[in-house]
Amino acid sequence: MPEQLRAHAAQWVHEYADALYGYAWQRVRNEDTAKDLVQETMLAAWRNMDRYDATQPLKGWLFAILKNKLIDHYRKSAAGLAGRTDQLADEVGFFDEADHWAGGFYPQDWSTRADKQLNTREFYKILHACKNRLKELQAAVFSMKYLDDMDSEEICRELGISSNNYWVLMHRAKVQLRACLEKNWVMR
Amino acid sequence: MGHKITCAQAVDYLSKKEEGKLTLRQRYQLWRHLMACSLCKLFKIQTSQLIRSVRQVPPDTMPATDKAVLIDRLGAEKNC
């Protein structure tokens, strides 16, 4: 491979790969998906440099491509949601027949565990792991809402899901994320 | 005003409230539920805490081996 080309590629990767990867890593459930998205993004940009508007920052262009790829990735999980109950169903019953918190799933008072700070390295690691344990679509709606500040209507439109499905996904995401954190961090 | 809501409904209403999607009656029902239900109150506080925290999770960096693979992939492309 021509050395010049390789040097240019290396420059791109060193300059942009971490930022793109970090962004994807926060928004998908596993590292391999994040790596694939970054690779696809950079390859697409590299192959289509003729379409790049050089008056704009390259980083912004790369991020625009990555965001499109992320949405495509989410949409794949959303496709056929109607026929699949696994994304919508609870694997454990947080609520009883009367729709009150089920015994064993009562939210605990975290303030009794003052030793468990919510801003340490280990806490963030567990929070990320808990988020990755959500179902793909639950994690997607949660990230779009709380990392990207999109509202429910935009998210439904982007994913092609009904608002009813959206609220169920959001409900499950929050209940499970909170419970996972409580079990694996606060009360451990 | 109106009937009591369940804990599952309260959890749902909390998300909808963020987007101003509750009617006056539903807001009142949620408020009444939270006054009476310490579990849902905990849920509300803790969920806001973790939503704030999710934004602070320090992003990971791409492993060096994957960067090397990517450089090879890009360098092998002709159309640049």
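Residues numbered from 1 in each chain as written. Chains lettered and ligands numbered in written order. Predicted model: local features only at pLDDT ≥ 70, side-chain atom pairs only at ≥ 80, totals over all residues. Heavy atoms only, no water.

Comments concerning the overall build of chain A
Thinking step 1. Summing up its helical and strand segments, chain A has 7 helices and 0 strands in all.
Thinking step 2. Going from the N terminus to the C terminus, chain A shows its helices and strands as α-α-α-α-α-α-α.
Thinking step 3. When the backbone C-alpha atoms are referred to their principal axes, chain A occupies close to 65 × 40 × 30 Å.
Thinking step 4. Counting every position in chain A, which comprises 188 residues, the buried fraction comes to 52%.
Thinking step 5. Summed over all atoms, the accessible surface of chain A reaches about 9,400 Å², with 47% contributed by carbon and sulfur.
Thinking step 6. Between the centroid of the 26 positive side chains of chain A and the centroid of its 27 negative side chains there is a distance of 3 Å. (Helix = DSSP H or I, 4+ residues; strand = E, 2+ residues; numbered from the N terminus. Buried < 20%, exposed > 50% of the residue type's maximum accessible area, 1.4 Å probe, protein only. Areas by Shrake-Rupley, 256 points an atom, 1.4 Å probe, with all protein chains shown as cover. Lys, Arg positive; Asp, Glu negative; His and termini not counted. Charge placed at Lys NZ, Arg CZ, Asp CG, Glu CD.)

What about the side chain of His171 of chain A?
Thinking step 1. Checked against the element boundaries, His171 of chain A lands in helix H7 (residues 163-186).
Thinking step 2. Discounting chain neighbours no more than four positions away, the residues touching His171 of chain A are Phe95 of chain A together with Ala8, Val11 and Asp12 of chain B. (Contact = heavy atoms within 4.5 Å.)

Remarks on the domain arrangement of chain A
All names here are of chain A.
Thinking step 1. Segmenting chain A into domains produces domain 1 (3-78) and domain 2 (83-186).
Thinking step 2. Put simply, the middle of domain 1 and the middle of domain 2, counted by C-alpha atoms, are 28 Å apart.
Thinking step 3. Overall, the association of domain 1 and domain 2 removes approximately 1,400 Å² of surface from exposure, summing both partners, and the carbon and sulfur fraction of that is 51%.
Thinking step 4. Contact with domain 2 buries area across many residues of domain 1, yet Arg29, Tyr74 and Ser77 alone supply 46% of it, more than any other trio.
Thinking step 5. Here domain 1 and domain 2 share 3 salt bridges between them.
Thinking step 6. Between Arg75 and Glu158 there is a salt bridge whose closest N-O contact spans 3.1 Å.
Thinking step 7. Counting across the interface, domain 1 meets domain 2 through 7 residue pairs in polar contact (both at pLDDT 80 or more).
Thinking step 8. Where the side of domain 1 that touches domain 2 is concerned, the elements lending two or more residues are helix H1 (3-27) and helix H3 (58-78).
Thinking step 9. Considering every element that reaches the side of domain 1 that touches domain 2, the biggest residue donor is H3, with 6 residues.
Thinking step 10. Tallied by class, the residues present in the side of domain 1 that touches domain 2 amount to 6 nonpolar, 3 polar and 3 charged. (Domains from an automatic or database assignment. Buried area = accessible area lost by both parts, 1.4 Å probe. Salt bridge = Lys/Arg side-chain N within 4 Å of Asp/Glu carboxyl O. Polar contact = N/O pair within 3.5 Å; in protein donor to acceptor, adjacent residues only side chain to side chain. Nonpolar A, V, L, I, M, F, W, Y, C, P; charged D, E, K, R; others polar.)

Side note on the layout of surface pockets
Thinking step 1. Of the voids in this model, the second largest pocket is the one considered here, and its volume is about 270 Å³.
Thinking step 2. Every residue along the wall of the second largest pocket is listed here: Trp25, Glu31, Arg121, Tyr124, Lys125, His128, Ala129 and Asn132 of chain A together with Val57, Pro58, Pro59 and Asp60 of chain B.
Thinking step 3. With 6 residues, helix H4 (residues 121-133) of chain A is the largest single contributor of residues to the lining of the second largest pocket.
Thinking step 4. Considered class by class, the residues forming the lining of the second largest pocket number 6 nonpolar, 2 polar and 4 charged. (1 Å grid on protein atoms, 1.4 Å probe; cavity = no way out; pocket = protein on both sides within 12 Å on 5 of 7 lines; lining within 4 Å. Points joined across faces, edges and corners; volume = space filled by probe spheres on them.)

Thoughts on the side chain of Lys116 of chain A
Residues and elements named next belong to chain A.
Thinking step 1. Here Lys116 is to be found in the loop between H3 and H4.
Thinking step 2. Of the buried charged residues, Lys116 lacks a salt bridge, with Asp115 as the closest side chain of opposite charge at 5.0 Å.
Thinking step 3. Polar contacts involving the side chain of Lys116 include one to the main-chain carbonyl oxygen of Trp185, which spans 3.0 Å.
Thinking step 4. With residues up to four places along the chain from it excluded, the contact list for Lys116 reads Trp185, Val186 and Arg188.

Concerning the confidence of the model for chain B
Thinking step 1. When pLDDT is averaged across chain B, the result is 93; 94% of the residues are at 70 or more.
Thinking step 2. Of all helices and strands in chain B, the one with the weakest mean pLDDT is helix H4 (residues 64-76) of chain B (95), whereas helix H2 (residues 24-36) of chain B scores best (97). (pLDDT = per-residue confidence, 0-100.)

Remarks on the interface of chain A and chain B
Thinking step 1. Each partner contributes to the interface: chain A provides 56 residues, whereas chain B provides 43 residues.
Thinking step 2. Buried area between chain A and chain B, both sides added, is near 4,800 Å², and the carbon and sulfur share of it is 68%.
Thinking step 3. Here Glu18 of chain B ties to Lys174 of chain A by a salt bridge, and the two come within 3.2 Å at their closest N and O atoms.
Thinking step 4. Our count for the contact surface shared by chain A and chain B stands at 19 residue pairs in polar contact (both at pLDDT 80 or more).
Thinking step 5. Contributions of two or more residues to the side of chain A that touches chain B are made by H1, helix H2 (31-47), H4, helix H5 (136-146), helix H6 (152-159) and H7 of chain A.
Thinking step 6. In terms of residues, the side of chain A that touches chain B owes the most to one element, H1 of chain A, which gives 13 residues.
Thinking step 7. Residues that form the side of chain A that touches chain B fall into these classes: 31 nonpolar, 10 polar and 15 charged.

Points about the packing of aromatic side chains
Thinking step 1. Inspection of the entire model under this criterion finds 11 aromatic pairs over all chains.
Thinking step 2. Between Phe142 of chain A and Tyr146 of chain A the ring centres are 5.1 Å apart and the planes differ by 55 degrees, which places this aromatic pair in the tilted class. Here the residue Phe142 of chain A and the residue Tyr146 of chain A both occupy positions in helix H5, the gap between them amounting to 4 residues, near one helical turn.
Thinking step 3. Looking at Phe142 of chain A, the relative accessible area reads 1%, which means it is buried.
Thinking step 4. Through pairs of rings, three or more aromatic residues link up here, namely Phe95 and Trp101 of chain A together with Phe43 of chain B.
Thinking step 5. Residue placement shows Lys116 of chain A over the ring face of Trp185 of chain A; its charged tip is 4.9 Å from the ring centre. (Phe/Tyr/Trp six-rings, centres within 6.5 Å; stacked < 30°, edge-to-face > 60°. Lys NZ or Arg CZ within 6 Å of the ring centre and 35° of its normal.)

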